[in-house]
Amino acid sequence: NAGVMQNPRHLVRRRGQEARLRCSPMKGHSHVYWYRQLPEEGLKFMVYLQKENIIDESGMPKERFSAEFPKEGPSILRIQQVVRGDSAAYFCASSPSSTGTGFTGELFFGEGSRLTVL
Amino acid sequence: SQQGEEDPQALSIQEGENATMNCSYKTSINNLQWYRQNSGRGLVHLILIRSNEREKHSGRLRVTLDTSKKSSSLLITASRAADTASYFCAPNQAGTALIFGKGTTLSVSS
């Protein structure tokens, strides 16, 4: 059973370009979470999605950032017109349905996508 | 969602010693989880303790939970160099995303 897959693992963009980060959750998982981590800091929550729904986007910057989790395919975190401050590691995590028995809220993390903005 | 606050921020010990990390939170929870992050890697779930439990063991890990004080501790016994990592606690409320603090950075030297 493959774990959470993130790609690309490393992405370099120039200021003003767009960055798209993809996350395929574990098989059977319908919840996806995105976190951002700056060097030497903890993980900052960005957004929580279910298939075709955004549940909580309280951690997402209001501009330039968007996320989706379509019915088919991976979840996408999109950053438009990147700036140097967007340079960070972006982690995706997944969990099974919250309505299933035994749901604990445990998250399974991918290895992250490291964005560098030149 | 609520964030856990880990203490201390950094901890340095020798191999074979025990490491204790603490976590405090503010409101009621369903469970509390501990995660480990090795440098440059994703977080890995270590152990979960439910709100009606007071202590839980998993291998060299021992977790306690005091809901009256809204605090938890993670004890790693007989530490090894491979335990060097950052450790995060995550208080969990039903239906909400986990929020992580800045973590405790543990360094175990041989």
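These figures come from a predicted structure and were not determined experimentally.

With that settled, the discussion passes to the interface of chain B and chain A. Reports often express the size of an interface as the amount of accessible area lost when the parts come together. Of the residues lining the interface, 22 residues belong to chain B; the matching set on chain A comes to 17 residues. The junction of chain B with chain A conceals about 1500 Å² of combined surface from both sides, 52% of it contributed by carbon and sulfur atoms. Considering only the side of chain B, the residues that lose the most area to chain A are L43, A97 and F100 of chain B, jointly responsible for 27% of the buried surface there. For the pair chain B and chain A, the number of links is one salt bridge. Between R41 of chain B and E111 of chain A there is a salt bridge, with its nearest N and O atoms 2.9 Å apart.

Within the fold, K102 of chain B resides in the loop between strand 9 (85-92) and strand 10 (104-109). The exposure class assigned to K102 of chain B is exposed, which follows from its relative accessible area of 64%. When the C-alpha positions of K102 of chain B and Q14 of chain B are compared, they lie 23 Å apart, and in sequence the two are 88 residues distant. Leaving out residues up to four positions away in the same chain, K102 of chain B has contacts with G42 of chain A together with E6 and F88 of chain B.

All names here are of chain A. Residues A19, L21 and C23 line the buried face of strand 3 (residues 19-24), whereas the alternating positions R20, R22 and S24 sit on a face that is not buried. Here strand 1 (residues 5-7) pairs with strand 3 via three bridges, running antiparallel. Note that in strand 3 the partner of Q6 across the bridge is C23. One ladder, built from five bridges, connects strand 3 with strand 8 (residues 75-79); its direction is antiparallel. Across the sheet, the residue bridging to L21 is L77, located in strand 8.

The rules behind each value
- Residues numbered from 1 in each chain as written.
- Chains lettered and ligands numbered in written order.
- Predicted model: local features only at pLDDT ≥ 70, side-chain atom pairs only at ≥ 80, totals over all residues.
- Heavy atoms only, no water.
- Contact = heavy atoms within 4.5 Å.
- Buried area = accessible area lost by both parts, 1.4 Å probe.
- Salt bridge = Lys/Arg side-chain N within 4 Å of Asp/Glu carboxyl O.
- Helix = DSSP H or I, 4+ residues; strand = E, 2+ residues; numbered from the N terminus.
- Buried < 20%, exposed > 50% of the residue type's maximum accessible area, 1.4 Å probe, protein only.
- Pairing = 2+ DSSP bridges.

Function-wise, these values are silent; they only describe arrangement.
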